[in-house]
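Read off the chains here:
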Amino acid sequence: MRVLVINSGSSSLKYQVRDTDTNEVAASGLIDRIGEGAGGPADHGEAMDLVAAALEGELVQKPLDAVGHRVVHGGERFSEPVRINNEITRAIERLNPLAPLHNPANVLGIRAITAKWPDMPQVAVFDTAFHRTLPEHAWRYAVPDSLYRQYGIRRYGFHGTSHEFVTGRAAELMGVPLTDFNAVVAHLGNGVSLTAIQGGASVDTSMGFTPLEGLVMGTRSGDIDPSILIFLQRQGMSADEIDTLLNRESGLKGLFGDNDMRAIVDAAAAGNSKARVALDIASYRLAKYIGGYHVAVGGAHALVFTAGIGENSADFRALVASRLGALGVKLDGEANLVRSGGPRVVSAPDSAIPVLVVPTDEEQAIAEATAAVVQRSA
Ligand code: AMP
């Protein structure tokens, strides 16, 4: 099946055409600066026109069978990918307040496709869906129940498409049936999240009500004492200013000044103390969470690294592993340095927990999920 995968952000639209039979990427691209003037597309409709124009030659040769959308927030309703119709689009729109930066753009992407190709089957694949198996003790905050009932304030978790894909590949690599597979999966990109996998399902994850909770990220603070927000507000900062501070100016960028892991590792090696401290905080906090999730799953069969940093930064993996001595984790120095696009083991044979690197491919996962839903509903 030929699937156009759409990942719309507030001002950008990433796309890929995937052949789900051969797993070939037939075309891909990025339209950015949507709605920012300066000659960029005025809205997501215009951006879709640009995508269609870019794909024209490709689509004449072989038309599309379906479009799959990455949708960030599926709320409590969506626990799996769904075929989109008007009611589903409105239901996704009703979740806008829970993901104000993301879901409105996803809805615009869906509406742009509907306007352009009204008969095209469309499927929504949700970032939150894989975490719908979290037990209540993992998803509830210790705040009055009314906050949950009135506003839906609870932990949802994100990066689910990536965690699910990587978990499946890791179980395969380990030769363990998915339903018996326990693991701790670390998605370390610009966004960072850790998921506790028990019997192939997500039983805890570090992102919560929004993707701000949890670990130190490229520009996000992760966990901090909530009183800091109240303190800053009393110092005169507005809600928007605090939002920007914690989402865009914190994390590695806030600590070091740049969120590119390569720059941080190089600077630390050259003796830059801010870079050293940033690496120490990020790796220390990650190691603590890994220890916690190893307990949560009753003993992980594997620790799995994925995404930009997890797949590519041997230095950061080594730093995290060096803090996991109490779990008996030992990397193989040489295997950890191998650069490869494939899933691989990077731990020493006598490591108490095997450590894997499994490249993620959210577009492949979305294309496969889309094809499965369309085939089922055909
Ligand atoms: P992602 O969000 O998955 O695209 O990951 C982005 C992060 O991966 C950034 O912090 C990059 O610095 C990091 N990254 C990408 N390539 C490398 C590399 N070769 N070595 C270290 N970090 C990398």
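Everything quoted here is computed from the prediction, not taken from an experiment. (Residues numbered from 1 in each chain as written. Predicted model: local features only at pLDDT ≥ 70, side-chain atom pairs only at ≥ 80, totals over all residues. Heavy atoms only, no water.)

**Looking at the side chain of Arg 285**
Of note, Arg 285 is situated in helix α12 (residues 273-296). As a buried residue without a salt bridge, Arg 285 has its nearest oppositely charged side chain in Asp 223, at a separation of 5.0 Å. Polar contacts involving the side chain of Arg 285 include one to the main-chain carbonyl oxygen of Asp 223, which spans 3.3 Å. Those residues within four positions of Arg 285 in sequence are excluded, and the remaining contacts are Gly 214, Leu 215, Val 216, Ser 221, Gly 222 and Asp 223. (Helix = DSSP H or I, 4+ residues; strand = E, 2+ residues; numbered from the N terminus. Buried < 20%, exposed > 50% of the residue type's maximum accessible area, 1.4 Å probe, protein only. Lys, Arg positive; Asp, Glu negative; His and termini not counted. Salt bridge = Lys/Arg side-chain N within 4 Å of Asp/Glu carboxyl O. Polar contact = N/O pair within 3.5 Å; in protein donor to acceptor, adjacent residues only side chain to side chain. Contact = heavy atoms within 4.5 Å.)

**Some words on the packing of helix α8 (residues 227-234) against helix α9 (residues 239-248)**
One way to put it is that α8 packs onto α9 with a least axis distance of 10 Å and a crossing angle of 135°. The angle between the axes of α8 and α9 places the two elements in the oblique class. Note on packing geometry: the crossing formed by α8 with α9 is right-handed. For the pair α8 and α9, the contacting residues are Leu 229, Leu 232 and Gln 233 in the first and Ile 242, Leu 245 and Leu 246 in the second. Here the contact of α8 with α9 is built from residues that sort into 5 nonpolar, 1 polar and no charged. (Axes fitted to C-alpha atoms, helices over the stretch in contact; angles between N-to-C directions. Parallel < 35°, antiparallel > 145°, perpendicular 65-115°, else oblique. Left-handed = near helix turned anticlockwise from the far one by under 90°. Nonpolar A, V, L, I, M, F, W, Y, C, P; charged D, E, K, R; others polar.)

**Some thoughts on the sheet that holds strand β10 (residues 302-306)**
Strand-to-strand pairing in sheets goes through backbone hydrogen bonds, with the strands running parallel or antiparallel. The strand order across the open sheet formed by 6 strands is β9-β8-β7-β10-β12-β11, and the pairing between neighbours is mixed. In this open sheet, the two edge strands, each paired with only one partner strand, are β9 (201-205) and β11 (344-345). Taken together, the 5 bridges between strand β7 (residues 183-188) and β10 define a ladder with parallel strand orientation. By the bridge assignment, Ala 186 is partnered in β10 with Phe 305. (Pairing = 2+ DSSP bridges.)

**Brief notes about the pattern of salt bridges**
A complete count under the given rule lists 17 salt bridges for this structure. Lys 116 is the salt-bridge partner of Asp 49, the closest N and O atoms lying 3.0 Å from each other. Of the two residues, Asp 49 sits in helix α1 (residues 44-54) while Lys 116 sits in helix α4 (residues 103-116), which places them 67 residues apart along the sequence. Accessibility expressed as a relative area gives 33% for Lys 116, which makes it partly exposed. The partner of Arg 77 in a salt bridge is Glu 87, with the nearest N and O atoms 2.9 Å apart. Of this pair, Arg 77 sits in the loop between β4 (66-71) and β5 (82-83) while Glu 87 is found in helix α3 (residues 86-94), placing the two residues 10 residues apart along the sequence.

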